[in-house]
Amino acid sequence: MAVKVSMTVNGKSVSHEVEERTLLVSYIRETLRMTGTHVGCDTAQCGACTIHMNGRAVKSCNILAMQAEGASITTIEGVANADGTLHPMQAAFKEHHGLQCGFCTPGMVMSAIDLVKNFPDTTEQQIREQLDGNLCRCTGYHNIVKAIKAAAADPASAKAGV
Amino acid sequence: MNDNADPISFTTNHTTSVVGTPLRHDSAHLHVSGRAIYADDMRLPAGSLHAALGMSTIAHGRIKSMDLSAVRAAPGVVCVITAVDIPGHNSYGPILDDDPIFPEALVQFAGQPIFAVAATSTEAARRAARLARVEYEALPAILDIREALAQQSFVIPTQTLCRGDPRAALQGAAHRLQGSLTIGGQDHFYLEGQIAIAIPQEDGAMLVHSSTQHPTEVQHKVGEALGRHVHDVVVQCRRMGGGFGGKESQPALFACVAAILAAKTGHTVKLRTDRDADMIMTGKRHDFVSDYEVGFDERGRITALCVMLASRCGYSADLSGPVNDRTMFHVDNAYYLEHVEIVSHRCKTHTVSNTAFRGFGGPQGMMVIENIMDDIARTLGVDPLDVRKANYYGTSDRNVTPYLQPVEDNILDDITDQLERTSDYRARRSSIAAFNAASPIVKRGLALTPVKFGISFNATLYNQAGALVHIYTDGSVLVNHGGTEMGQGLFTKVAQVVAEELGLPLQRVRVSATDTSKVPNTSATAASSGSDLNGKAAQAAAITLRDRLVAFACAQYKLSATQVRFAADRVLLGEETRDFTQLVREAYAARISLSAAGYYRTPKIHYDRVSLTGRPFFYFSYGVAAAEVAVDTLTGETRLLRVDILHDVGTSLNPVLDIGQIEGGFLQGMGWLTSEELWWNPRGELKTHAPSTYKIPTARDWPAIANVHLVEGMPNREDTIYRSKAVGEPPLMLGISVFQAIRDAVASCGAGPLPSLPPLPAPATPEAVLLTLNRLAAGRAALVEVAS
Ligand code: FES
Ligand code: FES
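Residues numbered from 1 in each chain as written. Chains lettered and ligands numbered in written order. Predicted model: local features only at pLDDT ≥ 70, side-chain atom pairs only at ≥ 80, totals over all residues. Heavy atoms only, no water.

Colleague: Can you explain the overall build of chain A? Please cite residues and give values.
Modeller: When helices and strands are counted, chain A shows six helices and five strands. Whereas a compact globule of 162 residues would reach a radius of gyration of roughly 15 Å, chain A reaches 15 Å, a difference of no more than 12%. The buried share of chain A, taken over its 162 residues, is 54%. Partitioning the intrachain contacts of chain A with sequence separation of at least 6 by distance along the chain shows that 56% fall at a separation of at least 24. Per element, the accessible surface of chain A, about 6,400 Å² overall, is 50% carbon and sulfur. Each charge class in chain A was averaged separately, 14 positive and 15 negative side chains, and the resulting centres sit 4 Å apart. (Helix = DSSP H or I, 4+ residues; strand = E, 2+ residues; numbered from the N terminus. Rg over C-alpha atoms; globule rule 2.2 N^0.38 Å. Buried < 20%, exposed > 50% of the residue type's maximum accessible area, 1.4 Å probe, protein only. Contact = heavy atoms within 4.5 Å. Areas by Shrake-Rupley, 256 points an atom, 1.4 Å probe, with all protein chains shown as cover. Lys, Arg positive; Asp, Glu negative; His and termini not counted. Charge placed at Lys NZ, Arg CZ, Asp CG, Glu CD.)

Below you can see the structure in the form of C-alpha cells.
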C-alpha cells in the first residue's frame, strides 16, 4: 500500500507517495535521487548508508521511510556550505587521504560529524570505538582516524555544527 | 577539470615536479561530498528494469525440473531467463569454458545462479526469484580439500616444480621436521557489491557499465553470450568501490546476465547483488592445506624442502591455474631453497569457484615458508628472525629462485637490519620474555617477517598496455588508459605522469572512465601492475605529443630541440617563454595532430609454462614488518599492540597513495589471518555470508602504535615508470607478521622444542588459538607424564 511521507531533507521539505515497506535509504537514493548515501551491506552493519536523523547518526538501510515522517534528515550532500566549501570533516578526510575507493566515505563522514558533536575532546581510542559500526575495506582506518582527530581539533568544526 | 590538486612550483627537467609528490586522490573532493558516481548511482533511462538471480539450493546435482511459473507470474516481473535463453555462448570462464552463466542441468555449488528475473524494481525481482520450484537429483558433493585429495578430484592437473635433489638432501640433513598447515580463504568484501548495467544500443550493440577490474574480459564475455562480435559491445567503468581481485573474473557473470536480459527486453537492465548473495555466489581467496618436510643445519639454514600444496579451487578452473602457479613461486618468499620440490594440487570441490584476491596465491605460499621458519627456530631454540636471516637470498650467490630467475634486486638485508633497529626488536624480545614470565594469563608475542613479491603477470602476454592522450585547444588534456580505478589511486598516478611529461600542473589533466572503445585489448588491472603498465603507456603517448610540439616549435621558431622545454604550464622557447595553451593553439593552426596513442610492453620477461621456469617477474618488491601482539590465554582473543613496517616502492610516484595502500593491505592481510573465517555447513552452504558472521577488521583493530615507512633512496633497478615499484598486493603479506607473532605468544605457553607446539591454523580466530593452547597444554601434560 502506498503511503505519503513528508520530511525535511538537507533543509528542504519533501513529500512523496511511497510503498509502506520503502527503506529510508531507497527513498533517499531512488526517489530523491541523492546517491551520496551508499548501500554496502543492506543489513545495518557496514555504515555506508549513515545519515543524520533529527541530529543523530543512523543507518538509513535499517529504517523505513515512514519512520522518518516529519523528521529532519541530513545526508552527505547537505553537510557542505551552500557555496560549496567543504565541512571541516569533509576537508579533513580529503586532506588526510582518509579514503581510497571512497565507497565508505560518505557514511564515515556522517558518523564522524556526529561523533565529534558528542565527544568534542575526543581521543583516538574513543574514535576507534565509536567508529566500530563503519567498515572500510581499503584504508586500514589509520588516515580516517587521523582525519577525525584533525577535524575535532579544528576550531571551524564547532562553528560548522550540523 | 578537477579542483583537487595541490599547487606545484617551477622546476627544471632534471627533477620531477608532479610525480613523486604527495598529491591527494583525484576523486577525494567527490568522495567526501557524495558526488562521486558509482555504477549504482547512474541515472537510468525511463522503463529500466532491475534484475535478480535465482540460486541453486544444493551443492551438487542435476536439475530434474525447474518450474518458474510463479516467478513469471509475480508482480512486476517482465522477463525470466535460464540457460536456454542465452543467445550465444553459455560461459563466462576467463580461461577454460567451465563456468556456465547458467548450468543447463548440472549444479555444482549451493548458491549457483540458475536463472534470472528482470522486473520493474529490485525488490520485485528479488521477491520473484524466491518463488522458483526446482527439483534436483542430488549427487555426492566434495566439500573440502582433504576429501578432494583423497578422491583425486582436480580442476586442472597437478604441477610439480623441482630443483636439485630434495629427497637425497633430506636424507643427509642434520635436522628434519614434518608439519602441516591449514590456511583459510577470504572474502573480498569490497564495500560496493557486484553490479552491472546493460543499455541496449542501435543495431544490436550493447553498452555495459560494469564494476570491473577487467573491462576487456567483460566485453568479450558479453559479446560471446549475446552471439555478437566484440565490436558490438562497449564496457565502461569510472570507478569501483573496491576490487581486491574480486572484480577480475567475477563481474562477467553479472554483466552477461544484465546484457542478455537487456537484449531480450530491449530495456536497460541493472543487476546489483545484495551483500549476502554476493558473498554466496562469488569466488574468494583459495584456502589451502600444506604438508611439508624440511631438512636444515645447525644454524637453521634449509638444506632440503618438500612441500605439498593443495588448494580449494571450487567447482571450476576460473583463475586457479595462475593463482596456484603464483603460490608455487612464492613458497620461497625471501629465502634461497637449494634442493626443493613443490607439488601443487588444484582441487575440485562443490563450492563456489575461487578466484583472484590481492596477492593471487602468493600469500598462501609465503605463509607456508614462514611457518616453516618458525618451526625450525622453535626446534633449534633460536630466535625466528635469525633463522629467517640465515636463509635470505644472497646478492651474488644463493640468489636463484626455484623457477630459475636470479634475484638481482635483493635489498632484504638492508631493510631487515633497518627495521630490526628502528623497531627495537632485540630489546623488545627480552622485555616480552620478562613480561610473559610475570604474566600467567596474557601472553605477548613478537615477529619480524619479510616479503619478496614478484611483479608482472605470470602469463607474459598480459604484460602490455595502451593509453590515449588528447590535448584540446584550450590547453586541457584528457587521458584514457586501460587500467581501472578501484581506490588505489591509479588515475591520479597516471595523470601525474602525463602532467609531468607535458610540464603541466595536475589540474590540466583529466582521466576519463575506462572504456573498451577508447583503449582496446587491455589486461585486467591486477598483479599490482596498474601503474607500471598504464603509467608507461600514458607516458609514451605524452612523449609522442611533446615531441610533435617540440618539432613544430623548432620549425616555427628556428630552434634546436634542446632549446624547447616544458615546465610549470609554460614552454621555454630559447630565450622566450610561452603559455602551453598558446603553443598548442599555434600547433593546431599549423595542422599538428594533438592526439596520440601510447603502448607499452614489459621488457625482459619470459616464462615456460611446461617447465615452470624462466623470468616471469620483471622485478621484485620487498617489505618487512614487525608485529607485537597480546593473547588472552583464557579466551583465545588476540590484539595487535604495535606494528613497524618498512616497505619498498622504489621511487614513489605518490607517497600518500603508496602509504595508504600499505596500511590498507597490511590490515587486510591481518584480517585474512586472524578474524575472517569462511564456514560452510555439511550441506555445502556458506554460512558466513554477511558482516554479522564474517568479520573484517574494524577501526579498533589498527594498533595503538604503528610506524609505517617507505624505503628511502632505493629506486627500482629496472626501468619502470620513474623507477617506482608496484604497491597493490605486496603489503597484504606484511600481515603474516601478526600471525607469526600470535604463534610466538602461543609458543611462550609451551616448554621446549617443537613437538610441544601444535600447528596453529589460519585464521587464528579465538577458537583456533584456544584449541591450539589446549593441545599445547595436553602435550605438555603428556610430556610431563612421560618424564615422571
Ligand atoms: S548499507 Fe546500511 S549499514 Fe550497510
Ligand atoms: S575507502 Fe574503500 S571502503 Fe573505505
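Colleague: Any chance you could break down the overall build of chain B for me, citing the residues and the numbers?
Modeller: On a plain count of helices and strands, chain B comes out with 19 helices and 29 strands. For chain B, whose C-alpha radius of gyration is 28 Å, the value lies close to the compact-globule estimate of 28 Å for 788 residues. C-alpha atoms of chain B, sized along the principal axes, occupy 95 × 75 × 50 Å. Here chain B holds 788 residues, and the buried ones make up 66% of them. Here the contacts in chain B between residues at least 6 apart in sequence split such that 80% fall between residues at least 24 apart. Of the roughly 26,800 Å² of accessible surface on chain B, 53% is carried by carbon and sulfur atoms. Between the centroid of the 72 positive side chains of chain B and the centroid of its 82 negative side chains there is a distance of 2 Å.

Colleague: Give me the packing of aromatic side chains: which residues, what numbers.
Modeller: All names here are of chain B. Taken as a whole and judged by the stated rule, the model has 13 aromatic pairs over all chains. Residues Tyr-403 and Phe-617 carry aromatic rings whose centres are separated by 5.8 Å and whose planes lie at 85° to one another, so their mutual orientation is edge-to-face. With Tyr-403 in the loop between helix H11 (384–391) and helix H12 (412–422) and Phe-617 in the loop between strand E26 (613–615) and strand E27 (619–632), the pair connects residues that are 214 residues apart, well separated along the chain. The same class applies to Tyr-403 and to Phe-617, which are both buried. (Phe/Tyr/Trp six-rings, centres within 6.5 Å; stacked < 30°, edge-to-face > 60°.)

Colleague: Residue-level account of the interface of chain A and chain B, with values.
Modeller: Contact residues are listed per partner, giving 44 residues for chain A and 52 residues for chain B. Summing both partners gives a buried area of about 4,100 Å² for chain A against chain B, and 54% of it is carried by carbon and sulfur. Our count for the contact surface shared by chain A and chain B stands at six salt bridges. Every element with two or more residues in the side of chain A that touches chain B is listed here: helix H2 (88–95), helix H3 (105–118), helix H4 (124–130) and helix H5 (142–153) of chain A. (Buried area = accessible area lost by both parts, 1.4 Å probe. Salt bridge = Lys/Arg side-chain N within 4 Å of Asp/Glu carboxyl O.)

Colleague: So, the state of the cysteines: which residues are in play, and what are the values?
Modeller: Residues and elements named next belong to chain B. Going through the model one piece at a time under the given rule, you end up with zero disulfides over all chains. Lacking any disulfide linkage, Cys-79 is separated from the closest cysteine sulfur, that of Cys-256, by 15 Å. According to the relative accessible area criterion, Cys-79 is buried, its value standing at 9%. (Disulfide = S-S within 2.5 Å.)

Colleague: Tell me about the nonpolar core, and please be specific about residues and values.
Modeller: Judged by nonpolar contacts, the single largest core of 191 residues is most densely connected at Phe-93 of chain A together with Leu-305 of chain B. Of the residues forming this core, the biggest block, eleven residues, is contributed by helix H15 (residues 530–557) of chain B. Setting aside its immediate chain neighbours within four residues, Leu-305 of chain B contacts Pro-166, Glu-293, Val-294, Val-331, Leu-337, His-339, Val-340, Glu-341, Ile-369 and Ile-372 of chain B. Core analysis: the second largest hydrophobic core is formed by 40 residues, Ala-51, Leu-53, Tyr-92 and Leu-253 of chain B among them. (Core = buried A, V, L, I, M, F, W, Y, C linked by side-chain atoms within 4.5 Å.)

Colleague: Residue-level account of the domain arrangement of chain A, with values.
Modeller: Residue and element names in this part refer to chain A. What the domain assignment lists for chain A is domain 1 (3–78) and domain 2 (88–155). Placing the centre of domain 1 and that of domain 2 at their C-alpha centroids yields a distance of 21 Å. Each side of the interface is counted separately: domain 1 has 18 residues, and domain 2 has 14 residues. Three residues, His-38, His-52 and Ile-76, lead the burial of domain 1 against domain 2; their summed loss comes to 40% of the area buried on that side. Between the two partners, domain 1 and domain 2, sit zero salt bridges. Only strand E3 (50–53) and strand E4 (56–59) provide two or more residues apiece to the side of domain 1 that touches domain 2. When the residues that make up the side of domain 1 that touches domain 2 are grouped by side-chain class, the tally is six nonpolar, ten polar and two charged. (Domains from an automatic or database assignment. Nonpolar A, V, L, I, M, F, W, Y, C, P; charged D, E, K, R; others polar.)

Colleague: Break down a nonpolar patch on the surface for me, with residues and values.
Modeller: Residue and element names in this part refer to chain B. A surface patch of nonpolar side chains, amounting to about 240 Å² of accessible area, comprises Ile-441, Val-442 and Leu-634. Structurally, Val-442 is set in strand E16 (residues 442–455). Residue classification places Val-442 among the partly exposed positions, given a relative accessible area of 30%. (Patch = residues over 30% accessible without salt bridge, like charges linked within 9 Å, V, L, I, M, F, W, Y side chains within 5 Å.)

Colleague: Before we move on, could you go through the sheet that holds strand E5 (residues 72–74) of chain A and cite the residues and values that matter?
Modeller: Residue and element names in this part refer to chain A. With mixed pairing, five strands are arranged side by side in an open sheet as E2-E1-E5-E3-E4. The sheet terminates laterally at strand E2 (12–19) and E4, the two strands that pair on one side only. Across the sheet, the mean angle from the axis of one strand to that of its neighbour is 40°, orientation sign disregarded. Judged from the two bridges that link them, E3 and E5 form a sheet pairing that is antiparallel. Bridged to His-52 within E5 is Thr-74. Along the sheet face, helix H1 (residues 24–31) touches strand E1 (2–9), E2, E3 and E5 and points at about 110° away from the line of E2. Contacts from H3 reach E3, E4 and E5, with the element oriented near 40° to E3. (Pairing = 2+ DSSP bridges. Axes fitted to C-alpha atoms, helices over the stretch in contact; angles between N-to-C directions.)

Colleague: Quick one: what's the story with the side chain of Gln-496 of chain B, residue by residue and with numbers?
Modeller: Residue placement: Gln-496 of chain B occurs in helix H14 (residues 490–502). Since its relative accessible area comes to 1%, Gln-496 of chain B is described here as buried.

Colleague: Describe the sheet that holds strand E7 (residues 154–163) of chain B, and please don't skip the residues or the numbers.
Modeller: Residue and element names in this part refer to chain B. The strand order across the open sheet formed by five strands is E7-E15-E14-E13-E8, and the pairing between neighbours is mixed. If you trace the sheet from one side to the other, it starts and ends with E7 and strand E8 (175–183), each paired once. Taken over all neighbouring pairs, the strand axes of this sheet differ in orientation by 10° on average, direction set aside. Relative to strand E14 (residues 302–314), strand E13 (residues 288–296) is paired through nine bridges, and the arrangement is antiparallel. Within the sheet, the bridge partner assigned to Phe-288 lies in E14 and is Ser-311.

Colleague: I'd love a proper account of H5 of chain A, names of residues and values included.
Modeller: With twelve residues, H5 of chain A should reach 16 Å at 1.5 Å per residue; the first-to-last C-alpha distance of 17 Å fits that figure. On its buried face, H5 of chain A sits against H2, H3, H4 and helix H6 (155–160) of chain A together with helix H17 (655–674) of chain B. (Expected span 1.5 Å × (residues − 1).)

Colleague: Talk me through the domain arrangement of chain B; I want residue IDs and the actual numbers.
Modeller: All names here are of chain B. Under the domain assignment, chain B is made up of domain 1 (44–140 + 188–281), domain 2 (288–458 + 609–787) and domain 3 (464–601). Taken over C-alpha atoms, the centre of domain 2 sits 41 Å from the centre of domain 3. Across the boundary between the two partners, domain 2 contributes 21 residues, which contact 22 residues of domain 3. For the pair domain 2 and domain 3, the two sides together bury roughly 1,500 Å², of which 56% comes from carbon and sulfur. Counting the surface domain 2 buries against domain 3, the share from its top three residues, Phe-457, Ile-721 and Tyr-722, is 39%. Remark: the boundary between domain 2 and domain 3 carries two salt bridges. Notably, a salt bridge pairs Lys-493 with Asp-658, separated by 2.7 Å at the nearest N-O pair. Listed by contribution, the elements that provide at least two residues to the side of domain 2 that touches domain 3 are E16 and H17. When residues in the side of domain 2 that touches domain 3 are grouped by element, the largest group, three residues, is from H17.

Colleague: Can you lay out the packing of helix H6 (residues 215–226) of chain B against helix H7 (residues 251–265) of chain B for me, pointing to particular residues and giving the numbers?
Modeller: All names here are of chain B. Where H6 contacts H7, the two axes come as close as 9 Å, and the packing angle between them is 40°. The orientation of H6 with respect to H7, classified from their angle, is oblique. For the crossing formed where H6 meets H7, the hand is right-handed. Seen from H6, the contacting residues are Val-218, Lys-221, Val-222, Ala-225 and Leu-226; seen from H7, they are Pro-251, Ala-252, Ala-255, Cys-256, Ala-259, Ile-260 and Ala-263. Here the residues of the contact of H6 with H7 sort into eleven nonpolar, no polar and one charged. (Parallel < 35°, antiparallel > 145°, perpendicular 65-115°, else oblique. Left-handed = near helix turned anticlockwise from the far one by under 90°.)

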